[in-house]
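The chain contents come next:
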Amino acid sequence: MARAGVPAGACAVAGYPALPVIKLLILDVDGVLTGGELTYDERGCLTKTFHVQDGGAIRSWQKAGGRVAIISGRTSAAVAERARELQIDLVAQGVGDKLPVFEKFCREAGVSAAEASFVGDDLLDIPPMRRCGYPIAVANAVPAVKREARYVTERRGGAGAIGEVVRRLLRHNATRDKCC
Ligand SMILES: [Mg+2]
């Protein structure tokens, strides 16, 4: 039986923080799934560059039973296409206030905020990072975002940071599965 004060699904073993298994991984795009550069082609269309290993990591997370969502402050057809390719169905673009969308995606995925991890790099990401169970900042995040993070990646956004995030969360979840 869970101890008083420990949320359902959280580890109650002494020595471990009361943090549940993470089920939903929510990603910012610019500076997290990309390096943060905004590149426009000759027709004025925004192009984005994604890292192939991040895609493989996202598929691994999904195969392990995890859900993935994207919340971006900008709007780009490239993001919609990348999400389609990776079978990510929780996608919101052009979002000024990310917290309500974070909460909506948690509801749609059937998870609590504590069962979600948010990966960010910039100030708009702070509200959902404060609300989620496992806030993560990428290496290139601004200092204020790094201060909110439980973990800061060694790799930069767009350079394999999400692979590192997935390995970290899978390790975290394996520990929780064993001790709860
Ligand atoms: Mg960003």
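The present account deals with the structure reproduced in this document. Here the structure is a predicted model, which means the values were calculated and not measured.

## Focus on the overall build of the protein
When its secondary structure is counted, the protein shows 6 helices and 8 strands. In the protein, the succession of α and β elements from N to C terminus is β-β-β-α-β-α-β-α-β-α-β-α-β-α. Taking all 180 residues of the protein together, the buried fraction comes to 39%. For the protein, the proportion of contacts with a sequence separation of at least 24, taken over those separated by at least 6, is 50%.

## Regarding the pairing of strand 6 (residues 116-120)
Burial analysis of strand 6 places 5 of its 5 residues in the buried class, which makes it a mostly covered element. What you see with strand 6 is no split at all: A116, F118 and G120 on one side and S117 and V119 on the other are buried throughout. In this structure, strand 1 (residues 24-27) lies alongside strand 6, joined through 4 bridges in parallel fashion. Each bridged residue has a counterpart across the sheet, and for L24 the counterpart in strand 6 is A116. As defined by bridge partners, strand 6 adjoins strand 7 (residues 134-137) across 4 bridges and the pair is classed as parallel. Looking at the pairing, S117 lines up with Y134 of strand 7. Tracing the backbone out of strand 6, into helix 4 (residues 126-131) and back to the parallel element strand 7 gives a crossover that is right-handed.

## Examining the environment of T39
Here T39 lies in strand 2 (residues 39-40). A sequence separation of 10 residues divides T39 from T49, and the C-alpha atoms of the two residues are 9.0 Å apart.

## Regarding the sheet that holds strand 6
Pairing within the open sheet is parallel, and its 6 strands lie in the order 5-4-1-6-7-8. Each having just a single partner strand, strand 5 (90-92) and strand 8 (151-152) make up the two edges of the open sheet. Bridge analysis of strand 7 against strand 8 gives 2 bridges, and the strand direction is parallel. Among the inter-strand pairings, A137 is bridged to a residue of strand 8, identified as V152.

## Topic: the nonpolar core
Of all hydrophobic cores here, the largest spans 40 residues; its most connected members are I26, L27, A116 and I162. Examining the composition of this core, we find that 5 residues originate from one element, helix 6 (residues 161-179), more than from any other. If we skip the residues at most four places from it in the chain, I26 touches A69, I71, F102, F105, A116, S117, F118 and P128.

Rules used in this analysis
Residues numbered from 1 in each chain as written. Predicted model: local features only at pLDDT ≥ 70, side-chain atom pairs only at ≥ 80, totals over all residues. Helix = DSSP H or I, 4+ residues; strand = E, 2+ residues; numbered from the N terminus. Buried ≥ 20, exposed ≤ 12 C-beta atoms within 10 Å, placed from the backbone. Contact = placed C-beta atoms within 7 Å. Pairing = 2+ DSSP bridges. Right-handed = clockwise from strand over helix to strand, strands pointing away. Core = buried A, V, L, I, M, F, W, Y, C linked by C-beta atoms within 7 Å.

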